[in-house]
Amino acid sequence: MFDPEGMRPFIANWEDVAASLIQRVYRESVGRVTDQKTKELLETLQAYPEFRTELKKPQASNILPFIPISFVKKGRKMNFFSMITTVGTPLSITAQELRMECMFPVDEESEEHYLKTTAAKAKGKK
């Protein structure tokens, strides 16, 4: 998401998404303790161009249970919200670390375009 060669150019509301993702990294670090791998991840993300320094510190007031994200490609904008599902009462460390992310269209126009795009790809069209 942060890489200018990856998804970054297609995210219309990148600053909001970046802030939410950084907050998620801090929030989900085990026991709210930032271990070495988490520190390395944060350093890597913060090294990308256009990274604002105010994103480096999580703000409790900005926490949402979902991430609103808008993708733009070929002048067409699609609005989604992303939610992460976790196992509520894990019985093993593996289940505790399991995360499943789902994206849902926010409006009818985004849903219709998404359905048309995925149907065309399923039929082998681009």
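Parameters and conventions
- Residues numbered from 1 in each chain as written.
- Predicted model: local features only at pLDDT ≥ 70, side-chain atom pairs only at ≥ 80, totals over all residues.
- Heavy atoms only, no water.
- Helix = DSSP H or I, 4+ residues; strand = E, 2+ residues; numbered from the N terminus.
- Buried < 20%, exposed > 50% of the residue type's maximum accessible area, 1.4 Å probe, protein only.
- pLDDT = per-residue confidence, 0-100.
- Patch = residues over 30% accessible without salt bridge, like charges linked within 9 Å, V, L, I, M, F, W, Y side chains within 5 Å.
- Areas by Shrake-Rupley, 256 points an atom, 1.4 Å probe, with all protein chains shown as cover.
- Salt bridge = Lys/Arg side-chain N within 4 Å of Asp/Glu carboxyl O.
- Phe/Tyr/Trp six-rings, centres within 6.5 Å; stacked < 30°, edge-to-face > 60°.
- Core = buried A, V, L, I, M, F, W, Y, C linked by side-chain atoms within 4.5 Å.
- Contact = heavy atoms within 4.5 Å.

**As for the environment of L42**
Relative to the helices and strands, L42 resides in helix α2 (residues 36-46). The buried category is assigned to L42, whose relative accessible area is 5%. Counting along the chain gives 16 residues from L42 to Y26, while the straight-line C-alpha distance between them is 8.9 Å.

**Focus on the confidence of the model for the chain**
The predicted model of the chain averages 80 in pLDDT, with 82% of residues at 70 or higher. Confidence, expressed as mean pLDDT per element, reaches its minimum in the chain at helix α3 (residues 93-96) with 71 and its maximum at strand β1 (residues 67-73) with 92.

**Quick notes on a nonpolar patch on the surface**
On the surface, M1, M7, F10 and M103 cluster together to form a nonpolar patch covering roughly 310 Å² of accessible area. Note on placement: M1 falls in the segment before α1 (14-28).

**Brief notes about unusual backbone geometry**
Even without glycine at this site, K74 takes up a positive phi of about 55 degrees. With respect to the secondary-structure elements, K74 resides in the loop between β1 and β2 (76-86). Judged by its relative accessible area of 81%, K74 is exposed.

**Quick notes on the environment of L64**
Relative to the helices and strands, L64 is located in the loop between α2 and β1. Residues L64 and Q23, spaced 41 residues apart in sequence, show a C-alpha to C-alpha distance of 9.9 Å.

**So, the packing of aromatic side chains**
Summed over all chains, the structure comprises five aromatic pairs. With 5.8 Å between their ring centres and 70 degrees between their planes, F66 and F81 make a pair best called edge-to-face. You can see F66 sitting in the loop between α2 and β1 and its partner F81 sitting in strand β2, a full 15 residues away along the chain. On the basis of relative accessibility, which here comes to 27%, the residue F81 falls in the partly exposed class. Their ring planes at 85 degrees and their centres at 6.0 Å tell us that F80 and Y114 sit as a pair that is edge-to-face. One end of the pair, F80, is in strand β2; the other, Y114, is in helix α4 (residues 108-122), with 34 residues separating them in the sequence. Using a relative accessible area of 6% as the deciding quantity, one classes F80 as buried. Cluster of aromatic residues (ring-pair linked, three or more members): F66, F81 and F104.

**A few points about the nonpolar core**
Core analysis: the biggest nonpolar cluster contains 16 residues, and F2, I11, V17, I22 and I69 have the highest contact counts within it. Sorting the residues of this core by element identifies α1, α2, β1 and β2 as the ones contributing at least two each. Take this core: its biggest share by element is six residues, from α1. In contact with V17, other than residues within four places in its own chain, are I11, I67, P68 and I69.

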